[in-house]
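What follows is each chain in one-letter form.
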Amino acid sequence: LSAPDPFERPIAITGGQVSISAYSILLDEGSLIDVSGGVRVDPFGKRTYGNAGGINLIAGRDLNLPGVIGGELALNGTLRGIAGMGALGGSLSLQAQRIQIGGAGTSTADNLILQPGFFNEGGFASFNLTGIHSLSIAPGTVIEPVVKSTVAVLYGDNRDTAVMREVLMPEG
């Protein structure tokens, strides 16, 4: 028997799904949830990129008593859903008591504040935000998401080593 050719075996390059539902969700500094897509490089250097997956963080309701609301969503960690060139960026869904986009202040237990730059981080291509009590966008706030992507740069004597570099997705 001969060993199978490693290039004939399926390789998982698509990002997965992470769904967390809880009364309170606290992502501490240094934590990471990463649903980024991967890359496959064939023997001739052709790159195939996988789509990123999705992250769902649903906080603010008791899971056993849906009428009991409260809790907190604290995003002090890193969320990532980057895809390679030509693949789809990830999706991010957040639910909290109140969500404020833009304006002054800092997040509290019952008010998640996101600045417009939040929508340019992590490579996400789509967002779904739910404020149980309210979702407000501060006056003068402009939300213009820019999707970051990656490209595999090959190097080494045989171009057999790759490093991922961040790039901006082309418009259109």
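That block above? That's the structure.
Here is a short report on the structure shown in this document. Keep in mind that this is a model prediction, so the values were computed, not measured. (Residues numbered from 1 in each chain as written. Predicted model: local features only at pLDDT ≥ 70, side-chain atom pairs only at ≥ 80, totals over all residues. Heavy atoms only, no water.)

## A look at a nonpolar patch on the surface
Rules: Residues enter patches when they are more than 30% accessible in relative terms and free of salt bridges; like-charged ones are connected within 9 Å and nonpolar ones (Val, Leu, Ile, Met, Phe, Trp, Tyr) within 5 Å. The method behind every accessible area is Shrake-Rupley, applied with a 1.4 Å probe, and residues are considered shielded solely by the protein chains displayed. Salt bridge criterion: a side-chain nitrogen from Lys or Arg within 4 Å of a carboxyl oxygen from Asp or Glu. By the criteria applied, helices consist of DSSP H or I runs no shorter than four residues and strands consist of E runs no shorter than two, each listed in order from the N terminus.
Residues Tyr-23, Leu-65 and Val-68 make up a contiguous nonpolar surface patch of roughly 260 Å² in combined accessible area. Inspection of the secondary structure puts Tyr-23 in the loop between strand S1 (17–22) and strand S2 (25–27).

## With respect to the pattern of salt bridges
Basically, it comes down to this: Only protein chains enter the accessibility calculation, which uses a 1.4 Å probe. A residue is then buried if its area is under 20% of the maximum for its type, exposed if over 50%, and partly exposed in between.
Tallied over the full model, the rule gives three salt bridges. Two residues, Asp-34 and Arg-80, come together in a salt bridge whose shortest N-O distance is 3.4 Å. Taken together, the residues span a long stretch of sequence, with Asp-34 in strand S3 (residues 32–34) and Arg-80 in strand S8 (residues 78–80) at a distance of 46 residues. The exposure class of Arg-80 is partly exposed, given its relative accessible area of 30%.

## What to know about the sheet that holds strand S14 (residues 161–168)
Our working definition: At least two bridges found by DSSP between two strands are what make those strands a pair.
On the basis of which strands lie adjacent, the open sheet formed by three strands has the order S9-S13-S14 and mixed pairing. Strand pairing shows two members of the sheet lacking a second neighbour, strand S9 (83–84) and S14, which therefore form its edges. Sheet topology note: the strand S13 (residues 148–155)/S14 ladder contains eight bridges and is antiparallel. Within the sheet, the bridge partner assigned to Val-153 lies in S14 and is Val-163.

## Quick look at the side chain of Asp-42
Worth spelling out the cut-off: Counting rule for charge: Lys and Arg are taken as positive, Asp and Glu as negative, and neither His nor the chain ends is counted. Here a polar contact is taken to be a pair of N or O atoms separated by no more than 3.5 Å, where protein atoms must pair a possible hydrogen donor with a possible acceptor and residues adjacent in sequence count only if both atoms sit in side chains.
For Asp-42, the location among the structural elements is in the loop between strand S4 (39–41) and strand S5 (47–49). For the buried Asp-42, no salt bridge is present, and the opposite-charge side chain at shortest range is Arg-40, 5.0 Å distant. Of the polar contacts made by the side chain of Asp-42, one reaches the backbone nitrogen of Lys-46; its length is 2.9 Å.

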